[in-house]
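Reading the structure
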Amino acid sequence: MSRWLPETIELHLGDGPSNAMPSVADMLADCERQLVAHAPRKSARLRCVIGGEAVRCAVVPWIDELSSPAQRQRLAEQTYFETYGEVARSWTVCQHAAGYSAASLACAIETPLLSGLEAAARARGLVLVSVQPALMHAYNHVRHSLARGQFWFVLVERRSVTLLLMSATEPVQVKRLPVPTTGLVGLLNREWFALGLEGPRCPVFVGRSAGATQAMVAGDRPPAFTAPWTITVLPLALPTVPRAPEQVAA
């Protein structure tokens, strides 16, 4: 006797060719178009990767007096409210804790987008198993290739670049900026000096979304001229195509 693993579909949303910031309606329409193209079977698993301006990332500091999971969640939500104002109340905030006494990396996505994706999956008989920001999707895809200690992880998307500075124990800074015309080295230098950091430069790891061009990376000079940075461009992670059912022995 054998069983069949369900089909898995992975959609990338929010980093399309338009120069305008995608609305929730735009991304849900894109989701429908991709689902029509994939034509998944009922009960297939659906994974959605949300990129570009549709995700806001932030570092939530550690506070000893607010150490329980519920308190940390309220602190993360308050961090967004203080930064973005009343509009942040319509966002769903999730955070990944690096460990006790460490800052956490938080991501916020508009709640109507999450609800719409759930409804789109349910209408087609699919199972929505994850909605993940592109930064974390790319980071998790290559995390075993990253150095220990302090490093930059840079995600290049079609219209923006996200800089994540990690220490040995926690996230230090996360910042999304328009793709620079001056190249990555100049951008890293500016951010390093703005943070007031001293000492040797840390390694830099660059990942690209499926919608990104090589413009920023290719526009930089050859490795010998990227000093004082050591920059490693990681393999491009393309969207997952539907997988054929796999037969597994019972």
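The structure this text deals with has already been given above.
The rules we used
- Residues numbered from 1 in each chain as written.
- Predicted model: local features only at pLDDT ≥ 70, side-chain atom pairs only at ≥ 80, totals over all residues.
- Heavy atoms only, no water.
- Helix = DSSP H or I, 4+ residues; strand = E, 2+ residues; numbered from the N terminus.
- Buried < 20%, exposed > 50% of the residue type's maximum accessible area, 1.4 Å probe, protein only.
- Pairing = 2+ DSSP bridges.
- Axes fitted to C-alpha atoms, helices over the stretch in contact; angles between N-to-C directions.
- Parallel < 35°, antiparallel > 145°, perpendicular 65-115°, else oblique.
- Left-handed = near helix turned anticlockwise from the far one by under 90°.
- Contact = heavy atoms within 4.5 Å.
- Nonpolar A, V, L, I, M, F, W, Y, C, P; charged D, E, K, R; others polar.

1. Here's the deal with unusual backbone geometry
- A positive phi angle, near 50 degrees, is found at Ala-39, a position not held by glycine.
- Mapped onto the elements, Ala-39 comes out in the loop between α1 (24-38) and β3 (45-50).
- Accessibility expressed as a relative area gives 57% for Ala-39, which makes it exposed.
- We note that Ser-101 has phi near 75 degrees; this positive angle belongs to a residue other than glycine.
- Mapped onto the fold, Ser-101 is located in the loop between β5 (91-97) and β6 (104-110).
- You can call Ser-101 partly exposed: its relative accessible area is 46%.

2. Details of the sheet that holds strand β10 (residues 171-178)
- In space, the 5 strands of this open sheet follow the order β10-β9-β8-β11-β12, with mixed pairing throughout. Each end of this open sheet is capped by a strand with a single partner; those strands are β10 and β12 (231-233). Taking the axes of each pair of neighbouring strands and ignoring which way they run, one obtains an average angle of 20 degrees across the sheet.
- Across 7 bridges, strand β9 (residues 160-166) lies against β10 in antiparallel orientation. The residue bridging Ser-160 from the neighbouring strand is Pro-178, located in β10.

3. Some remarks on the packing of α1 against helix α3 (residues 111-123)
- Direction vectors running N to C along α1 and α3 enclose 20 degrees, while the axes themselves pass 10 Å from each other. In terms of axis orientation, α1 runs roughly parallel to α3. Note on packing geometry: the crossing formed by α1 with α3 is right-handed. Facing α1, whose interface residues are Val-24, Met-27, Leu-28, Cys-31 and Glu-32, α3 presents Pro-112, Leu-113, Gly-116, Leu-117 and Ala-120.
- Looking at side-chain class alone, the contact of α1 with α3 contains 8 nonpolar, 1 polar and 1 charged residues.

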